[in-house]
Amino acid sequence: MFRRKAFSLLKTMPLKSGASNFASKFIHPVIAFHGHGCHRTSVDYRQAQDSPGSARGQTITAPQTKVMAEEELPGVLILGVGGTHGVLEDLAALLKKHFRLITMTEFLENKREISKKIQSIFVFECRPTIDRKLLESLPNLKVIGNSGVGVDHLDLKMIANFGVKVTNTPHAVADSTADIGMALMLASARRLVEGCQIAVSPDTKYFAVDWLGVEVTRSTLGIIGMGNIGYKVAQRARAFHMRILYHNRKQRRKEEEEAVGAHYCEKIEDLLQQSDFVMLVVNLTPETHKLIGKKELGLMKPTATLINISRGAVIDQDALAEALQNKVVRAAALDVTYPEPLPRDHPLLKLNNIIITPHIGTATVQALRMMAEEAIANMLAVLNGQPIPSEVFPK
Amino acid sequence: MWYHKPVVNEELLQSLPNLKIVASSGVGIDHLDLKLLSGYGVKASNTPFIVSSDTADLAMALMLASSRRLVEGYQMAVSPDTEYFPADWLGDAVSGATLGIIGMGSIGYKVAERAKAFEMKILYHNRNRRNKEEESAVGAVYCEKIHHLLQQSDFVLLSVNLMPATHKLIGKRELELMKPTATLINVSRGLVVDQDALVEALQNKVIKAAALDVTYPEPLPRDHPLLKLKNVIITPHMGTATKKTRLLMMENMIKSIQAGLMGLPIPHEVL
């Protein structure tokens, strides 16, 4: 019943007690091989794909790839372990299986010795910040492995100029982010947060009969951005008998559209005018910056709900606050804002027709683990001179 | 009868010599004394099936909100004290997890349809086993013994109707059979759960969390322990609280009343 998922390391790491470990049931052929200790030899990617976990077979060493001795694992730089912004302990343990872990503190204490050992950087929750100064101090840096799919916090051009590759984790984030999109849509439509407040409020004496939300089943969902995540949202929404419209740079193939019953709207206006729920699932680029502004909000139905699981800057936040205040749209549900968190006096925080969550699209034990695994696979592919599963290029 | 009011008791029935029918909103009829009504020759009707989608939607909403800690997350996002969002603040996945549905009627089945799209593994326990086509359409596996379902599920959903056989169906024993990482979701009736046992189980982390659209009574007394627990979400019995569905329910009830007054067969008569 479980689909093949990407990038699960062969050895199961014990997760926090009680957390379900289903993600580790899936072995990607590349990782199955790495899990068997590939540090001594480089791997022919095609070979590994045909026979997961089997013998080394033909060894191809790309000219620029170092043959690594067991005691000299490639160094990976991280901000730190634990605390409020550091890499989680469980994930650090995964990194340690393939890399020598170097924290920012260690690096800064002994730049001269350690800087040449750093071949990779694992960027977790946008940290450490990658600036020119850092790149200049790391002569052997080959790859920046980002945990997460969004790379709008990275200056791709600058990084490319240093000859450093950037990778992200598009597969690992998809399910959990699609789930949050659905969670926000349902919570907003059914006024779940308000309902909880009523249920526990000391002032509540009875439940009012005329207190109503809006239906999700059989309503119309407009998905703006039909990539990995958008498509998984469509798969879920279909089960709620929703009518699904989508707008995307490219139209999907007929089979893909039919599988989820999605109708392509070449013009974003058509989608906005017909949707009961508009969900933003694009990446942040110059083209999508403030994609939803006063005009777009004005085109939406007054009964419609806007849901954002991409990046805060995709929406003109001032226009949104105004639209919500004047009931130009019914409600909004945002997992992302700009900045995060919002300043405590921001108008969006005062409205009662908005739900905001603290960027938790991938905040599950399972997703973080898969993201670390996918990032590790990508970084190792770069260091071993193999085809890179998810490289990101500057425009 | 809207939302169980007015209360239909002996006194009321005695004072209404020409009463023909009591049309009740919603599908649950545990609040009706059917014996009493038939003793007075009064018929009863409910509104099944049209409530199913909305209730199934709410069950999914509760499961997602609980698992991803949506309400807590919202509170953090808007709290005046929030300075940053910590990296180690996590929920649990719904996609790919195991859902155990207790009560596979119209509502339970619609939940299964929705859960399948999240690639959940679906187990179910029911008085009667569904047929093969129905099972395979949603990928649901029958658990003849309720304890098999309880032991394997990450989410346990109650979508049974309330009757003597389901009163306190989930008590101390059943909660202990559940995984310590599991969540209990109730969209049936408060009395299907032994609430005191649930409070204890949640306090002692025998199970991870609960999400309840229904309690007994509704609302709970303001000093009830369930209101103080961090690992519970409670919603104010809003399974059918949408404009469209309430309108449909009303239309349904009118049809039943009209039929009852004309002595015709009553759609959705409760016997």
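What counts and how
Residues numbered from 1 in each chain as written. Chains lettered and ligands numbered in written order. Predicted model: local features only at pLDDT ≥ 70, side-chain atom pairs only at ≥ 80, totals over all residues. Heavy atoms only, no water. Domains from an automatic or database assignment. Salt bridge = Lys/Arg side-chain N within 4 Å of Asp/Glu carboxyl O. Buried < 20%, exposed > 50% of the residue type's maximum accessible area, 1.4 Å probe, protein only. Patch = residues over 30% accessible without salt bridge, like charges linked within 9 Å, V, L, I, M, F, W, Y side chains within 5 Å. Areas by Shrake-Rupley, 256 points an atom, 1.4 Å probe, with all protein chains shown as cover. Lys, Arg positive; Asp, Glu negative; His and termini not counted. Charge placed at Lys NZ, Arg CZ, Asp CG, Glu CD. Helix = DSSP H or I, 4+ residues; strand = E, 2+ residues; numbered from the N terminus. Pairing = 2+ DSSP bridges. Axes fitted to C-alpha atoms, helices over the stretch in contact; angles between N-to-C directions. UniProt positions renumbered as here; feature names shortened; annotations may be inferred. Contact = heavy atoms within 4.5 Å. Buried area = accessible area lost by both parts, 1.4 Å probe. pLDDT = per-residue confidence, 0-100. Parallel < 35°, antiparallel > 145°, perpendicular 65-115°, else oblique. Left-handed = near helix turned anticlockwise from the far one by under 90°.

1. Comments concerning the domain arrangement of chain B
Piece 1. When the domains of chain B are assigned, the result is domain 1 (10-46 + 243-262) and domain 2 (52-82 + 89-234).
Piece 2. Here domain 1 of chain B and domain 2 of chain B have C-alpha centroids that lie 30 Å from each other.

2. Focus: the pattern of salt bridges
Piece 1. For the structure on display, the rule yields 27 salt bridges over all chains.
Piece 2. Here Glu135 of chain B ties to Arg129 of chain B by a salt bridge, and the two come within 2.8 Å at their closest N and O atoms.
Piece 3. Glu135 of chain B sits in the buried class, given a relative accessible area of 8%.
Piece 4. Between Arg130 of chain B and Glu134 of chain B there is a salt bridge, with its nearest N and O atoms 3.3 Å apart.
Piece 5. Through salt bridges with shared partners, one network takes in Asp175, Asp179, Lys232 and Arg236 of chain A.

3. Let's talk about a positive patch on the surface
Residues and elements named next belong to chain A.
Piece 1. There is a patch of like positive charges on the surface, built from Arg100, Arg112, Lys116 and Lys117.
Piece 2. Among the structural elements, Lys116 can be located in the loop between helix 5 (111-114) and strand 3 (118-123).
Piece 3. Judged by its relative accessible area of 45%, Lys116 is partly exposed.

4. Overview of unusual backbone geometry
A negative phi angle is the norm for most residues apart from glycine, just as the trans form is the norm for most peptide bonds.
Piece 1. In this chain, Lys5 of chain B is followed by Pro6 of chain B through a cis amide linkage whose omega measures 5°.
Piece 2. Relative to the assigned elements, Pro6 of chain B resides in the segment before helix 1 (10-14).
Piece 3. Even without glycine at this site, His359 of chain A takes up a positive phi of about 50°.
Piece 4. Mapped onto the secondary structure, His359 of chain A falls in the loop between strand 12 (354-356) and helix 15 (365-383).
Piece 5. Positioned with a positive phi, His268 of chain B is a non-glycine residue whose angle comes to about 60°.
Piece 6. Residue position: His268 of chain B is located in the segment after helix 10 (243-261).

5. With respect to the sheet that holds strand 8 (residues 209-212) of chain B
Residues and elements named next belong to chain B.
Piece 1. Read from one edge of the open sheet, 7 strands run 5-4-3-6-7-8-9, paired in parallel fashion. With partners counted over all chains shown, the strands left at the sheet margins are strand 5 (140-142) and strand 9 (232-234), one partner each. Within the sheet, the average angular offset between the axes of one strand and its neighbour, ignoring direction, is 20°.
Piece 2. Examined bridge by bridge, strand 3 (residues 98-102) and strand 6 (residues 155-158) share 4 bridges and lie parallel to one another. Looking across to strand 6, one finds that Ile101 is bridged to Leu157.

6. Things to note about the UniProt feature "domain: D-isomer specific 2-hydroxyacid dehydrogenase catalytic" (unreviewed entry) in chain B
Piece 1. Taking the numbering used here, the UniProt-annotated feature "domain: D-isomer specific 2-hydroxyacid dehydrogenase catalytic" (unreviewed entry) corresponds to residues 2-270 of chain B.
Piece 2. Measuring from the first to the last C-alpha atom of residues 2-270 of chain B gives 16 Å, for a span that is 35% helix and 13% strand.

7. Comments concerning the interface of chain B and chain A
Piece 1. On the chain A side, the residues contacting the 62 residues of chain B number 73 residues.
Piece 2. Both faces combined, the contact of chain B with chain A buries some 5800 Å², and carbon together with sulfur accounts for 65% of it.
Piece 3. For chain B, the biggest contributors to the area lost against chain A are Arg68, Leu70 and Phe85 of chain B; these three give 13% of the whole.
Piece 4. Taken together, the links from chain B to chain A amount to 1 salt bridge.

8. Side note on the environment of Ala259 of chain A
All names here are of chain A.
Piece 1. With respect to the helices and strands, Ala259 occurs in helix 11 (residues 254-260).
Piece 2. For Ala259, a relative accessible area of 46% puts it in the partly exposed group.
Piece 3. Separated by 25 residues in sequence, Ala259 and Ala234 place their C-alpha atoms 9.5 Å apart.
Piece 4. Not counting the four nearest positions on each side in its chain, Ala259 is found in contact with Tyr231 and Arg238.

9. A closer look at a nonpolar patch on the surface
Piece 1. Residues Ile257, Leu261, Met262 and Leu264 of chain B make up a contiguous nonpolar surface patch of about 400 Å² in total accessible area.
Piece 2. Along the chain, the position of Met262 of chain B falls in the segment after helix 10.

10. A short note on the confidence of the model for chain A
Piece 1. In the predicted model, chain A carries a mean pLDDT of 87, and the fraction of residues at 70 or more is 82%.
Piece 2. Predicted confidence is poor over residues 1-65 of chain A, with pLDDT under 50, and the contacts of this stretch with residues over four places away or in other chains come to 122 contacts.

11. Things to note about the packing of helix 8 (residues 170-189) of chain A against helix 10 (residues 228-238) of chain A
All names here are of chain A.
Piece 1. Running from N to C, helix 8 and helix 10 cross one another at 45°; their axes reach a closest spacing of 8 Å. For the element pair helix 8 / helix 10, the angle class is oblique. Crossing hand, helix 8 versus helix 10: right-handed. For the pair helix 8 and helix 10, contact is made by Pro170, His171, Val173, Ala174, Asp175, Thr177, Ala178, Asp179 and Met182 and by Asn228, Ile229, Lys232, Val233, Arg236 and Ala237, respectively.

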